[in-house]
Amino acid sequence: MDSHPTLILLKEVRTFVERARATGDDRDFATAVDMALAASTTSNADFAEEVHASEPTVARWREGRSTPVPTIRPAIFAALDARIAGVIEAFEAFHTPKP
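Numbering of residues begins from 1 in every chain and follows the order in which that chain's sequence is written. A pLDDT threshold of at least 70 governs which residues receive local features in this predicted model, and a stricter bar of 80 or more applies before side-chain atom pairs are shown or counted, although totals over entire chains, interfaces and linings include all residues. With hydrogens and water stripped out, all remaining heavy atoms of the structure feed into the side-chain values.

### What about the overall build of the chain?
- Numbering of helices and strands runs from the N terminus, with a helix taken as a DSSP run of H or I at least four residues long and a strand as a DSSP run of E at least two residues long. Helix and strand counts for the chain come out as five helices and zero strands.
- Sequence-ordered secondary structure for the chain, helices as α and strands as β, is α-α-α-α-α.
- Over its C-alpha trace the chain gives a radius of gyration of 14 Å, about what one expects of a compact globule, namely 13 Å for 99 residues.
- Exposure classes here rest on a 1.4 Å probe applied to the protein chains alone. A residue is buried below 20% of its type maximum, exposed above 50%, and partly exposed in between. Scored against the burial criterion, the 99 residues of the chain give a buried share of 32%.
- Contacts between residues were defined by any pair of non-hydrogen atoms, one from each residue, lying within 4.5 Å. Across the chain, contacts joining residues at least 24 apart in sequence account for 62% of those joining residues at least 6 apart.
- Per element, the accessible surface of the chain, about 5900 Å² overall, is 57% carbon and sulfur.
- His residues and chain termini do not enter the charge count, which takes Lys and Arg as positive and Asp and Glu as negative. To locate a charge, take atom NZ for lysine, CZ for arginine, CG for aspartate or CD for glutamate. In the chain, 11 side chains carry a positive charge and 15 a negative one; their mean positions are 2 Å apart. Taken over C-alpha atoms, the radius of gyration is set against a globule rule of 2.2 Å times the number of residues to the power 0.38. A 1.4 Å probe and the Shrake-Rupley method give the accessible areas. Residues count as covered only by the protein chains that appear here.

Structure (structure tokens):
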């Protein structure tokens, strides 16, 4: 099961989000937001509501045209982590054989 391509990809996204948090690099931030939202099939509008930002702001983050101030990044990374963890959990539950 751990070798399923989708699960591998999801875990790589989670690792990249962790790296982006650690580096603080703006390009890594943009890529992490884009990858996590795409992998979790989360719309800009839904994520914007969750992190109390506007939809155009989230679009700019994903495109790398702007970044949030460093003080709110931890909350954004926490929301991304939760999204990816939820998708991984759902995937594993769906693909785990039932007795």
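Now that the structure is up, let's keep going.
### Things to note about the pattern of salt bridges
- A side-chain nitrogen of Lys or Arg and a carboxyl oxygen of Asp or Glu constitute a salt bridge if their distance falls within 4 Å. The final tally for this structure, using the stated rule, is seven salt bridges.
- Note that Asp34 is salt-bridged to Arg62, the shortest N-O span being 3.0 Å. Taken as a pair, Asp34 in helix α2 (residues 26-39) and Arg62 in helix α4 (residues 55-63) lie far apart in primary sequence, 28 residues in all.
- Note that Arg83 is salt-bridged to Glu50, the shortest N-O span being 2.6 Å. Here Arg83, found in helix α5 (residues 73-95), pairs with Glu50, found in helix α3 (residues 44-51); they are 33 residues apart in sequence, far enough to count as distant.

### Some remarks on α5
- In this scheme, a helix's expected span is set at 1.5 Å multiplied by one less than its residue total. Its 23 residues give α5 an end-to-end C-alpha distance of 33 Å, which sits within 8% of 33 Å, the value for a rise of 1.5 Å per residue.
- Among the residues of α5, Arg73, Ile76, Phe77, Ala79, Leu80, Ile84, Ile88 and Phe91 are the ones counted as buried.
- Contacts made by the buried residues of α5 are with α1 (5-23), α2, α3 and α4.

### Here we look at the packing of aromatic side chains
- Stacked, edge-to-face and tilted are the three classes for Phe, Tyr and Trp ring pairs, Trp counted by its six-membered ring, which pair at centre distances within 6.5 Å; planes under 30 degrees apart are stacked, over 60 edge-to-face, the rest tilted. Going through the model one piece at a time under the given rule, you end up with two aromatic pairs.
- Between Phe29 and Trp61 the ring centres are 6.0 Å apart and the planes differ by 80°, which places this aromatic pair in the edge-to-face class. With a gap of 32 residues between them, Phe29 in helix α2 and Trp61 in helix α4 connect regions that are remote in the sequence.
- A relative accessible area of 0% places Phe29 in the buried class.
- Take Trp61: its relative accessible area is 4%, and that puts it in the buried class.
- Relative to Phe77, the ring of Phe29 has its centre 5.7 Å away and its plane inclined at 85°; by these criteria the two rings are edge-to-face. Of the two residues, Phe29 sits in helix α2 while Phe77 sits in helix α5, which places them 48 residues apart along the sequence.
- The buried category is assigned to Phe77, whose relative accessible area is 3%.

Keep in mind these numbers describe shape, not what the thing actually does.
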